[in-house]
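Understanding the architecture of this molecule
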Amino acid sequence: MPAVHIDHVAMCVRDLEKAIADWHDILEVLSPEHTLQVTRGEGTADGVHMVWATFQNPDPLGVSIQLWAPGTPGTWVDKLLDRRGEFVHHIAFLSDDFGHTVEQCRQAGLPVLLDENSGPPNIPWLQWNFIGEDKAHGVLIELATRYQAVGDRWYPHPGNAENSHLAAELRQRWDEAPSGED
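Given the structure is predicted, the values throughout are model-derived calculations rather than measurements.

Turning next to the environment of K18. Within the secondary structure layout, K18 lies in helix 1 (residues 16–30). Sequence spacing of K18 and Y147 is 129 residues, and the spatial spacing of their C-alpha atoms is 26 Å.

This is how it looks when you write it as structure tokens:
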């Protein structure tokens, strides 16, 4: 059985920099540890350039806050923002065996939206798919490959099923390190 956890709640915003500043103010009071690491990224999905920032929860299994916006004007995202205003776009669940988790959702009859998993071309190891907002009462459920946030970047988690070779390499590297050396 794959290990799955809620990773982040993502808001679609018009102005990423303003949203970052506003959420920093909120989190500085309510959850200061979230302000210690903000991971930024960008990519293309469904033909749209997107930019995002994630206020990382320092607990690897804790919930982070993600903000994302269209990276170029005039996209379907802008039209959606004009119609709906800023909104909670998705709740992301990460899995250490992404392919198996998506298959479990399909077998359970959940409405998995994409026939083929997707992901940003500039992060080839990251995959995602979605459960439709009709089933989740107005919010998309993102299913994604578990990752690690290191500094301002995301890296593949070595404990994922598809990365067993990375986990073995790290175990070997750490097991062979002389005592007291990292």
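Read on for the rest.
On to the sheet that holds strand 5 (residues 87–95), then. Pairing is mixed in the open sheet, where seven strands are placed in the order 2-3-4-1-5-7-6. Each edge of the open sheet is held by one strand with a lone partner, namely strand 2 (38–45) and strand 6 (128–131). The average undirected angle you get between the axes of adjacent strands in this sheet is 30°. Sheet strands touched by helix 1: strand 1 (4–12), strand 2, strand 3 (48–55) and strand 4 (64–70). Its angle to strand 3, the strand with the most contacts, is close to 15°. Here helix 2 (residues 76–84) sits on the sheet and contacts strand 1, strand 3, strand 4 and strand 5; the angle it forms with strand 4, its principal contact strand, is near 110°.

Quick look at the nonpolar core now. Core analysis: the largest hydrophobic core is formed by 20 residues, its most contacted members being C12, W68, V77 and W128. Those elements that place two or more of their residues in this core are strand 1, strand 3, helix 2, strand 5, strand 6 and strand 7 (140–145). If we ignore the near neighbours within four places in the chain, the residues touching C12 are W68, V77, L81, E86, F87 and H89. Formed by eleven residues, the second largest nonpolar core is a distinct cluster that contains A19, I20, I65 and L67.

Consecutive side chains of a regular strand alternate in pointing toward one face of the sheet and then the other. With four bridges connecting them, strand 8 (residues 147–150) and strand 9 (residues 153–156) associate as antiparallel partners. By the bridge assignment, V150 is partnered in strand 9 with R153. Hairpin connection of strand 8 to strand 9: two residues between the antiparallel strands, including G151 at a positive phi of 60°.

Parameters at a glance
In every chain, residue numbers begin from 1 and rise along the written sequence. Restriction of local features to residues with pLDDT of at least 70 applies here, the model being predicted, together with a cutoff of 80 or more for giving and counting side-chain atom pairs; totals for whole chains, interfaces and linings are based on all residues. Hydrogen atoms and water are omitted, and side-chain values are computed over all heavy atoms in the structure. Secondary structure counts use DSSP, requiring at least four H or I residues in a row for a helix and at least two E residues in a row for a strand, with both numbered from the N terminus. A pair of strands is labelled paired if DSSP reports no fewer than 2 bridges between them. Only the contacting stretch of a helix is used when fitting its axis, a line to C-alpha atoms as for every element, and angles between N-to-C directions run 0 to 180 degrees. Two residues qualify as a contact provided that any one of their heavy atoms is within 4.5 Å of a heavy atom in the partner residue. We define the nonpolar core as a collection of buried residues of types Ala, Val, Leu, Ile, Met, Phe, Trp, Tyr and Cys that are connected through side-chain atoms lying within 4.5 Å of one another. Per-residue accessibility, obtained with a 1.4 Å probe over protein chains only, is compared with the maximum for each type, and a residue is labelled buried under 20%, exposed over 50%, and partly exposed between these values.

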